[in-house]
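# Analysis of the macromolecular model
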Amino acid sequence: MSPRKKVTVLGAGMAGLAAAYELEQLGHQVEVIEASERLGGRVYTHRFGAGPDAPLVELGAMRIPANHRHTLDYIEKLGLSHKLREFKTLFSDDGAYHRTRTGFVRVREAAEVLVADYQELMGDDLKDETVLFGAWITAIGDAIAPGSFMAELRPDFAALLDAVDRIDITPFLVGEARDQIDLHAFFAAHPEVRNSGTGRINHFIGDILDETSAGLRRLEGGMDQIVTALAEQINGPIRTSHEVRGIAVHDDHVAVTVSNGQTQVLHCDQVLSTIPFSVLRRLELSGFSDDKLAVLGEVTHWPATKIGFLCRDAFWERDGINGGASYGGGHIRQTYYPAVEGDPARGAALLASYTIGADAAVLDDLPEEERHALVLDEVAGMHPELLEPGMFVEAVSLPWGKYPWSAGAGVLRWNKDEAACLEERDRAARPERGRLFFAGEPCATVTGWIDGAIESAQRAVRFIEESSR
Ligand SMILES: Cc1cc2nc3c(=O)[nH]c(=O)nc-3n(C[C@H](O)[C@H](O)[C@H](O)COP(=O)(O)OP(=O)(O)OC[C@H]3O[C@@H](n4cnc5c(N)ncnc54)[C@H](O)[C@@H]3O)c2cc1C
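If you're wondering where the values come from, they're calculated on a predicted model, not measured in any experiment.

Conventions adopted
- Residues numbered from 1 in each chain as written.
- Predicted model: local features only at pLDDT ≥ 70, side-chain atom pairs only at ≥ 80, totals over all residues.
- Heavy atoms only, no water.
- Pairing = 2+ DSSP bridges.
- Helix = DSSP H or I, 4+ residues; strand = E, 2+ residues; numbered from the N terminus.
- Near = heavy atom within 4 Å.
- Polar contact = N/O pair within 3.5 Å; in protein donor to acceptor, adjacent residues only side chain to side chain.
- Areas by Shrake-Rupley, 256 points an atom, 1.4 Å probe, with all protein chains shown as cover.
- Domains from an automatic or database assignment.
- Phe/Tyr/Trp six-rings, centres within 6.5 Å; stacked < 30°, edge-to-face > 60°.
- Buried < 20%, exposed > 50% of the residue type's maximum accessible area, 1.4 Å probe, protein only.

Let us now look at the pairing of strand S6 (residues 97-100). Where S6 lies against strand S7 (residues 103-106), four bridges are found, and the strand directions are antiparallel. Of the residues in S7, the one forming a bridge with Arg 99 is Phe 104. Linking S6 back to S7 in an antiparallel pair, the connection comprises two residues.

As structure tokens, then:
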């Protein structure tokens, strides 16, 4: 173990809190500086009202893939494992809807129209099963990624399907009519197909598989319980409403300019910054290496917007939907049906719209009232019950692209291959002068997930330990 140190942690999202916790476990002293009034950053559970019975919607992170060991280890360590529940995702409830060129169809009835749509788009010089494969993987991609990104990936998909066409995929046909594909089983049996295309499609398929995997979990009662429980384990002070305005790295200390109404300069021995790069690069920075300044500018962030509705009741259950999500296309993109676990008399929360990338940017630019009205109108096209008197109660939204403390929802690496992702991670995480360390999403091996934030925090803690050896 290295000598006891004093570390100032900037940011109280998952990376900052995990790092503070791990540093204390190793005997170091920490202080956490957080700009907003709230802990958790992009883990943000909104409750419609007070108390444990209030309907809730996750405005940030909402699901945990089964292979996210760092997140699941923390959940266990924090005594929250008994609250893990299945997270029903896109395509998991075949009563949910999917928007096609001919309108909304139930997932269980979608194959025929998806194949027709796909043939119109890509031609049909492939085996029937390969076309079915192409139709489903495109449908899932459309539901997950912004339209512009899918258009960019079209040549990559074509190359992938050439590889699929050489394989007998009949063992992976599922559903009563055997007109659906078990993509998870297919890619598990044929991992070489992912590598036959470009690095970026391999990466994107990884995300498709994560987002539609059967092993997804959630936390009953809200994801922010991880944040609250973790913060309770930290002994050092966590100063909320303290905004970092500048960081100056010197050989013998790091000067951090902080404002909480009054501006003060903290002279720190060692600092661990988890401030998202989209925010950090706008601060007053000095003493940083040229490469760090370069990577701060190069990391790309994209927006995402979530809009939650409080409804009188879970009307979708009467329509045969028992969780999961629909792909509504248009401006709404994804609509999720959270389980009603509070007092039903207090209503039911619907995640009316979840958009990312360019799709989110369109909603972000609208004033809140207009944004909510547009989404209500479009979701009602799929669910006319929303227009029944008293059904829609209120809306909440979080346009992450405009959120001042992350200026984006996540780091975009879908367009990079594996080697480029790792190079960006290593440059982002490299410490400055053995005094300023970095953690958080840009320093993670896998971006866009809590798991990466924790992993990056653990690596930064190792760098801090090593810095005095
Ligand atoms: C819409 C959405 C959906 C997601 N879905 C999932 C999911 O289902 N599952 C999953 O695992 N992950 C999901 N994620 C990703 C996950 O939430 C993030 O990757 C992770 O929480 C990032 O943690 P972080 O600590 O790196 O950053 P953040 O959570 O952004 O923490 C950074 C902290 O720094 C603070 N800060 C910023 N600027 C300053 C400043 N100047 N001074 C002081 N403090 C500052 C911020 O307020 C914040 O608290 C989702 C994210 C979003 C936005």
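Next comes the rest of the description.
Right, let's get into the site of the ligand. Taken together, 35 residues lie near the ligand, and Glu 34, Arg 42, Arg 63, Val 244 and Ile 450 sit nearest. For the ligand, an oxygen atom lies 2.8 Å from a polar atom in the side chain of Arg 42. One of the backbone nitrogen or oxygen atoms of Met 62 is found 2.9 Å away from an oxygen atom of the ligand. Contact with the protein chains hides 98% of the accessible area of the ligand, taken as 1,000 Å² for the molecule alone. Mapped onto the shell around the ligand, the elements with two or more residues apiece are helix H1 (14-25), strand S12 (243-249) and helix H16 (450-467). When residues of the shell around the ligand are sorted by domain, at least three fall in each of domain 1 (6-42 + 225-300 + 412-467) and domain 3 (302-402).

So, on to the packing of aromatic side chains. Under the criterion given, the structure shown has 17 aromatic pairs. Between the aromatic rings of Tyr 21 and Tyr 74, the centroid separation amounts to 5.9 Å while the plane-to-plane angle is 65 degrees, which identifies the pairing as edge-to-face. Of the two residues, Tyr 21 is situated in helix H1 and Tyr 74 in helix H2 (residues 69-77); the sequence distance between them amounts to 53 residues. By relative accessible area, Tyr 21 is classed as buried at 9%. Here the aromatic rings of Phe 133 and Phe 187 are separated by 6.1 Å at their centres, their planes lie at 65 degrees, and the arrangement is edge-to-face.

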